[in-house]
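# Breakdown of the fold
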Amino acid sequence: MPGAGASAHNGEMSLLSALLAEVRDCHHCEDSLPLAPRPVLVAQPEARLLIIGQAPGLKVHNSGIPWNDPSGDRLRSWLGIDRPQFYSDPRIAIVPMGFCYPGKGKSGDLPPRPECAPRWHERVLSFLPLVELVLLIGQYAQRYYLSPPALSLTERVRDYDGQGRYFPLPHPSPRNQIWLKKNPWFEAQTLPLLRRRVAPLLESL
C-alpha cells in the first residue's frame, strides 16, 4: 500500500509529540529547581544523530532553544554544522541528561537533576529507531551510558577509536578552554574523526 509507510510515520509522530508534551509539562523536580520548570529537548522519528549533553544553562532556559549559547556555537563548529541546519534538520535530536536549568554552583552550573534521565530517556529514545550515532557530551552522559565508570572523561575521549554507537566528547563550554589547551590531540585527531562520523548522517536527502 503506497500510503502505509506515511500512515505509520504519522502515527509515530503523533505518539512522540504526545510524549514530548508530557515531558514539557513535567514538574517532578520542581521543588529542587531555582526557576520554574522549562524542559528543553528536540526529537523527531527521523533522527540519526542524537546529542546528549548535560542540562540547559540560564540562556537556554530563557529562550527555550537548546544549545543557544557560546557552548552551542563551539559544538556546531566541532560538528561542521551551521546554525540553520542544527535547528531545522529533523535528523538531529537533542535530549540532555537534565531537561531543566539546575541552577548555579560554585564553579558553573549545578549537575543535571538525577531524576530526569531515568524517568524519560528510555521512553523518548524508543521513538528514535534510526539513530546511528550518539554524542555523549560531558561526564554525566558518559557515566550514565558507558562503562566502566572509573574512567575519566579525558581517557574516554582520548581512547575512543571512532567505532560504535556512542561518541564521548568534552563539554564545549568556554570554561573548558584550559582542558582544550592541555589536550591538543582533541582538535588534531578527535574533531576530524567526529566530522567524518557526522557528515554521512546529515547528507542531503
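Refer to the structure presented above.
The following paragraphs examine the structure supplied in this document. Since the structure is predicted, the reported quantities are computational estimates derived from the model, not experimental observations. (Residues numbered from 1 in each chain as written. Predicted model: local features only at pLDDT ≥ 70, side-chain atom pairs only at ≥ 80, totals over all residues. Heavy atoms only, no water.)

Let us now look at helix α3 (residues 70-79). Every buried residue belonging to α3 is among Ser-71, Gly-72, Leu-75, Arg-76, Trp-78 and Leu-79, and all of these are buried. Looking down the long axis of α3, one finds its buried residues gathered within 155 degrees of arc, a one-sided arrangement. Of the surrounding elements, those touching the buried residues of α3 are β1 (49-52), α4 (83-88), β5 (133-137), α8 (177-182) and α9 (185-198). Gly-80, located one to two residues past α3, shows a positive phi value of around 75 degrees. (Buried < 20%, exposed > 50% of the residue type's maximum accessible area, 1.4 Å probe, protein only. Helix = DSSP H or I, 4+ residues; strand = E, 2+ residues; numbered from the N terminus. Arc of directions from axis to C-beta. Contact = heavy atoms within 4.5 Å.)

Enumeration over the complete set of coordinates arrives at 1 cavity of 30 Å³ or more. In this structure, the largest cavity spans a volume of roughly 140 Å³. Around the largest cavity sit 17 residues that line it, and Cys-26, Cys-29, Phe-99, Cys-100 and Cys-116 are the ones nearest its centre. When residues in the lining of the largest cavity are grouped by element, the largest group, 3 residues, is from helix α5 (residues 116-125). Per-class residue counts for the lining of the largest cavity are 11 nonpolar, 3 polar and 3 charged. (1 Å grid on protein atoms, 1.4 Å probe; cavity = no way out; pocket = protein on both sides within 12 Å on 5 of 7 lines; lining within 4 Å. Points joined across faces, edges and corners; volume = space filled by probe spheres on them. Nonpolar A, V, L, I, M, F, W, Y, C, P; charged D, E, K, R; others polar.)

Our next topic: the pairing of β1. Of the two faces of β1, the one holding Leu-49 and Ile-51 and the one holding Leu-50 and Ile-52 are both buried throughout. Here β1 runs beside β5; their pairing, made up of 4 bridges, is parallel. Among the inter-strand pairings, Leu-49 is bridged to a residue of β5, identified as Leu-133. (Pairing = 2+ DSSP bridges.)

Let's shift gears to the pattern of salt bridges. Taken as a whole and judged by the stated rule, the model has 7 salt bridges. With a shortest N-O distance of 3.1 Å, Arg-123 and Glu-22 are connected by a salt bridge. Placement of the pair is Arg-123 in helix α5 and Glu-22 in helix α1 (residues 4-24), with a sequence separation of 101 residues. The shortest N-O distance in the salt bridge between Asp-89 and Arg-91 comes to 2.8 Å. Its relative accessible area of 9% is what places Asp-89 among the buried residues. Judged by its relative accessible area of 8%, Arg-91 falls in the buried class. (Salt bridge = Lys/Arg side-chain N within 4 Å of Asp/Glu carboxyl O.)

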